[in-house]
Structure formats: structure tokens, C-alpha cells
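Coordinate inspection notes
Listed below, chain by chain, are the residues.
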Amino acid sequence: MVSEAPPFWWQPRGIQSSLLFPVAWIYGRIARRVMDHRVRKSVPVPVICVGNFTVGGSGKTPTALALAQTAIARGLKPGFLSRGYGGGIRHAKVVDPARDTARLVGDEPMLLAAKALTVVSANRVEGAELLVREGVDLIIMDDGFQSAQLVFDQGLLVVDARRGIGNGCVLPAGPVRAPVIDQVRHADGLIVVGEGNGADPMIRMAARAAKPIHIARLQPLNAARFRDRNCLAFAAIGDPDKFFVTLEDAHVRLAQRRGFADHHHFTSDEIEDLMAQSELYGLDLITTSKDYVRLQSGHGRALDLVKKTAVLEIELAFDSPHVADAIIDAAAAAFKRRQSKV
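A short tour of the structure in this document, coming up. (Residues numbered from 1 in each chain as written. Predicted model: local features only at pLDDT ≥ 70, side-chain atom pairs only at ≥ 80, totals over all residues. Heavy atoms only, no water.)

Here the structure, examined in full by the defined rule, presents 4 aromatic pairs. Their ring planes at 85° and their centres at 5.6 Å tell us that Phe-234 and Phe-266 sit as a pair that is edge-to-face. Placement of Phe-234 in strand β9 (residues 230-235) and of Phe-266 in the loop between β10 (253-259) and α10 (268-281) is noted, with a sequence separation of 32 residues between them. Under the relative-accessibility criterion, Phe-266 is labelled buried at 10%. Taken together, a centroid distance of 5.9 Å and an interplanar angle of 50° make the contact between Phe-243 and Phe-244 tilted. The pair formed by Phe-243 and Phe-244 is uniform in burial state, with each residue classed as buried. (Phe/Tyr/Trp six-rings, centres within 6.5 Å; stacked < 30°, edge-to-face > 60°. Helix = DSSP H or I, 4+ residues; strand = E, 2+ residues; numbered from the N terminus. Buried < 20%, exposed > 50% of the residue type's maximum accessible area, 1.4 Å probe, protein only.)

Spelled out as C-alpha cells, the structure:
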């Protein structure tokens with residue numbers, strides 16, 4: 001089970017974050033050094049890295065899927081590279097969506113593999129090399145921005161407009177993976193997902209650095225079928241509240257809502273409670289696609305819950321229809337420049 005992020009990370013800075021500041025300062029210095037000085041390996045295809053400032057969800061996976069959809073429409077063969085967080089893979093592996101499970105490869109790779117060839121690997125270089133051998137002509141990394149293992153031709157940072165970066169502190173005083181200014185320095189663009197002013201500081205910072213800023217939103221595809229129905233919504237993602245807000249915006253009546261830690265594998269007691277509440281109050285169960293594939297890797301009552309649960313399907317849409325094409329073109333141009341120097 002993945003441990004839950006401390007609530008104070010997403011609250012104004014207080015005594016807890018202050019006490020952890022010395023450790024966070026050291027962590028930040030190390031993260032900066034890694035990003036600035038680690039020798040990155042290159043592969044002979046363009047690489048787009050979709051990362052975020054913080055631990056937890058911000059919209060990375062929907063962004064990666066949107067880019068792949070555009071690449072496929074252009075006749076390219078993209079491949080996803082994921083660490084497979086929450087899975088049990090130690091070496092690079094091609095995900096088989098027909099045979100693998102979320103417990104083995106992680107929940108996000110199962111979603112990615114439904115769209116395009118996907119490799120999971122803790123070693124990004126090993127995973128990228130396997131994708132190249134499998135014949136892809138574009139690699140889309142879901143996360144891995146701060147690890148600095150691979151040369152990427154477009155480094156994108158995704159930030160949730162409502163949630164922002166929490167208290168703005170570096171781990172463990174806050175959710176930020178590396179000093180924000182250093183992350184912006186290494187980025188080629190910023191993608192702001194949703195509505196709100198939580199991302200305003202990052203937008204200003206990116207604007208001062210002349211980095212492109214792209215606006216996007218997560219739009220439900222099948223919300224109409226849940227409209228005006230009484231539902232019990234549950235989610236174990238980086239920000240369950242974002243899922244609940246999306247449902248409410250689609251006029252779904254949430255009689256109950258249950259949020260769990262990101263990548264959480266539901267216990268037998270939790271499954272029994274969800275099903276009991278649904279039956280007792282006549283509520284429709286609804287969850288995210290990530291949670292659904294995670295439940296499918298279970299057995300017994302977990303599979304009973306799968307049968308009774310609907311999925312809210314979403315996709316990321318950029319405010320401009322040309323953004324995904326522009327990002328892919330920029331990656332191809334940067335790759336050509338990189339190859340010309342070899």
C-alpha cells in the first residue's frame with residue numbers, strides 16, 4: 001500500500017513544514033545537483049517527458065495519452081515509458097494489457113498500454129532502449145522529469161490549476177520534488193490543467209523565462225449517463241477531490257465520496273464497506289479508470305466490486321487544437337539538432 005501524503009503539504013506553511021526545512025534544504029540541493037549535472041543517456045528517437053512539480057497527481061497520464069493520440073493520428077508509432085509505480089517489475093518489460101495486471105506493472109501503465117506500446121522500467125535508459133528495439137519512433141515518458149536519466153527533447157511540467165504545488169516546500173517539508181525555479185529552468189513548457197489560481201506563481205515564473213504555457217482541461221466523455229443519479233464516488237488517486245469536482249460539474253449527485261491514498265490497493269474491509277453502503281442506500285458506485293484497473297487485478301470480492309462499479313471516462317483537451325502537434329514538432333526539431341551534433 002502506498003502511504004498517504006501528509007495533509008500539511010497542501011496547507012499554508014506551518015510549524016510542521018518549518019521543522020522539516022533543514023532536511024528539505026538538503027534534499028533540494030541534491031535534487032538540483034542531479035538535474036544540473038547527472039550525465040544523461042540519449043536514444044535515437046525523439047523523447048517527450050511529461051512530468052510535474054510535485055508528488056501525486058496533476059494530469060500527467062491524460063497529457064501523455066493526448067500526445068500519443070495526436071502522434072498516432074499523424075502516422076507515428078509512439079511508445080510510453082513508465083516507472084510502473086505501485087507494480088512489482090524490476091527490469092524493463094513490455095506491458096501486455098491482456099495478461100498483465102496493475103499489481104504487476106502498475107495502474108498507469110495498464111491505461112497507457114491500451115493506447116500504445118508501453119514499457120515499464122525503474123531504469124529509464126533500459127526502458128527507452130527496449131522501446132527503440134520494439135520499433136517506436138517517439139517516446140513519451142510518463143514522469144521521470146527530475147530523475148535526469150534520459151536526454152529528452154521536450155520536457156513538460158504539468159500543474160493542476162486548482163491545487164498548485166501545495167505549500168511550495170521541497171520534500172519532506174512539502175510535496176515539491178525539486179526547487180521550483182530549477183524545474184522551470186529544465187522545462188521546455190508548462191501545461192496548466194483545469195481552472196483556479198493555484199498555478200499562478202508557476203505561470204509567472206514560466207512567463208519570465210519565456211517558456212510556452214499551454215492551458216488544458218480534463219473533460220468527461222460519458223458523464224451524461226450519471227447525470228441526476230445518486231452516486232457513491234470513490235478514488236485512490238493523487239487528488240481525489242479533483243475527481244469529485246469533475247462529477248459535480250457534470251451534475252452527478254454525490255451522496256457519498258471516499259478518497260484514498262494514490263495507488264492504494266483496496267482492502268477486503270474497504271471493499272465490503274463500499275458495496276454495503278451502495279446496497280443500503282441504493283447508490284450507484286463510480287470510480288476512475290485507474291482505480292478500476294487496480295480493482296481488476298484483485299480477486300474475490302474485488303471482482304464483485306468491479307462488476308457493480310462504473311467508470312467516469314475522461315480525456316485531456318488543450319484549449320488550442322494545435323498544441324499537441326506543436327509539442328511533437330518541437331520535439332522532432334530538437335531531436336534533429338541533437339543528432340546533428342553527434
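Sheet architecture is open: 4 strands sit in the order β10-β9-β11-β12, paired in parallel fashion. The sheet is open, and its two edges are formed by β10 and β12 (309-311), each paired on a single side. On average, each strand axis in the sheet is inclined to that of its neighbour by 30°, with strand direction left out of account. Here β9 pairs with β10 via 6 bridges, running parallel. If you follow Ala-233 over to β10, its bridge partner there is Arg-257. Strands in contact with helix α9 (residues 240-249) are β9, β10 and β11 (284-287); relative to β10, the strand with the most contacts, it is inclined by about 170°. Against the sheet, α10 touches β9, β10 and β11, its axis set at about 165° to β10. (Pairing = 2+ DSSP bridges. Axes fitted to C-alpha atoms, helices over the stretch in contact; angles between N-to-C directions. Contact = heavy atoms within 4.5 Å.)

This paragraph deals with the nonpolar core. Phe-53, Leu-81, Ile-139, Val-180, Leu-190 and Met-202 are the most contacted members of the largest nonpolar core, which has 38 residues in total. Looking at this core, the elements with two or more residues in it are α2 (21-37), β1 (47-52), α6 (124-133), β5 (138-142), β6 (154-160), α7 (180-186), β7 (189-193) and α8 (200-208). With 4 residues, the top contributor of residues to this core is α6. Setting aside chain neighbours within four positions, we find Leu-81 in contact with Val-119, Arg-124, Gly-127, Ala-128, Leu-131, Ile-139, Ile-140, Met-141, Asp-142 and Leu-150. Counting residues in hydrophobic clusters, the runner-up holds 26 residues, among them Ile-191, Ala-216, Phe-318 and Ile-327. (Core = buried A, V, L, I, M, F, W, Y, C linked by side-chain atoms within 4.5 Å.)

In this fold, Arg-124 is placed in helix α6. Although Arg-124 lies buried, it forms no salt bridge, and the closest oppositely charged side chain, Asp-143, sits 5.0 Å away as judged by the N-O distance. Those residues in contact with Arg-124 that lie beyond four places of it in its chain are Leu-81, Ser-82, Arg-83, Met-141, Asp-142, Asp-143, Gly-144, Ser-147, Gln-149 and Leu-150. (Lys, Arg positive; Asp, Glu negative; His and termini not counted. Salt bridge = Lys/Arg side-chain N within 4 Å of Asp/Glu carboxyl O.)

A cluster of nonpolar side chains, Phe-21, Trp-25, Ile-26 and Ile-30, forms an exposed patch at the surface whose accessible area comes to about 450 Å². With respect to the helices and strands, the residue Ile-30 is situated in helix α2. (Patch = residues over 30% accessible without salt bridge, like charges linked within 9 Å, V, L, I, M, F, W, Y side chains within 5 Å. Areas by Shrake-Rupley, 256 points an atom, 1.4 Å probe, with all protein chains shown as cover.)

Quick look at the pattern of salt bridges now. Under the counting rule described, the total for this entry stands at 21 salt bridges. Among the salt bridges present, the one from Arg-177 reaches Asp-143, with a minimum N-O distance of 2.5 Å. With Arg-177 in the loop between β6 and α7 and Asp-143 in the loop between β5 and β6, the pair connects residues that are 34 residues apart, well separated along the chain. Both residues of the pair, Arg-177 and Asp-143, belong to the buried class. A salt bridge links Arg-338 to Asp-153; its shortest N-O distance comes to 2.8 Å. Highlighted residues: Arg-338 in helix α13 (residues 323-340) and Asp-153 in the loop between β5 and β6, separated in sequence by 185 residues. Here Arg-338 matches Asp-153 in class, with each residue buried.

A separate point is the sheet that holds strand β4 (residues 117-120). Pairing is mixed across the open sheet formed by 9 strands, whose spatial order is β3-β4-β2-β5-β1-β6-β7-β8-β13. This sheet does not close on itself; its edge strands, each paired only once, are β3 (93-94) and β13 (314-318). The strands that α8 touches are β6, β7 and β8 (213-220); relative to β7, the one it contacts most, it runs at about 155°. Relative to β6, α13 is tilted by about 145°, and along the sheet it contacts β1, β6, β7, β8 and β13.

What follows deals with the packing of α10 against helix α12 (residues 301-308). Interaxial distance between α10 and α12 falls to 10 Å at its minimum, and their mutual angle equals 35°. Pair α10 / α12 crosses with left-handed handedness. Facing α10, whose interface residues are Ile-271, Glu-272, Leu-274, Met-275 and Glu-279, α12 presents Arg-301, Ala-302, Asp-304, Leu-305 and Lys-308. (Left-handed = near helix turned anticlockwise from the far one by under 90°.)

Within the secondary structure, Cys-49 sits in strand β1. For the pair Cys-49 and Ile-140, spaced 91 residues apart in the sequence, the C-alpha separation amounts to 5.9 Å. Dropping the residues within four chain positions of it, Cys-49 is found in contact with Met-141, Asp-143, Gly-144, Phe-145, Phe-152, Gln-154, Gly-155 and Leu-156.

Before going further, it helps to examine α12. Within the sequence span of α12, burial applies to Ala-302, Leu-305 and Val-306. Looking down the long axis of α12, one finds its buried residues gathered within 105° of arc, a one-sided arrangement. (Arc of directions from axis to C-beta.)

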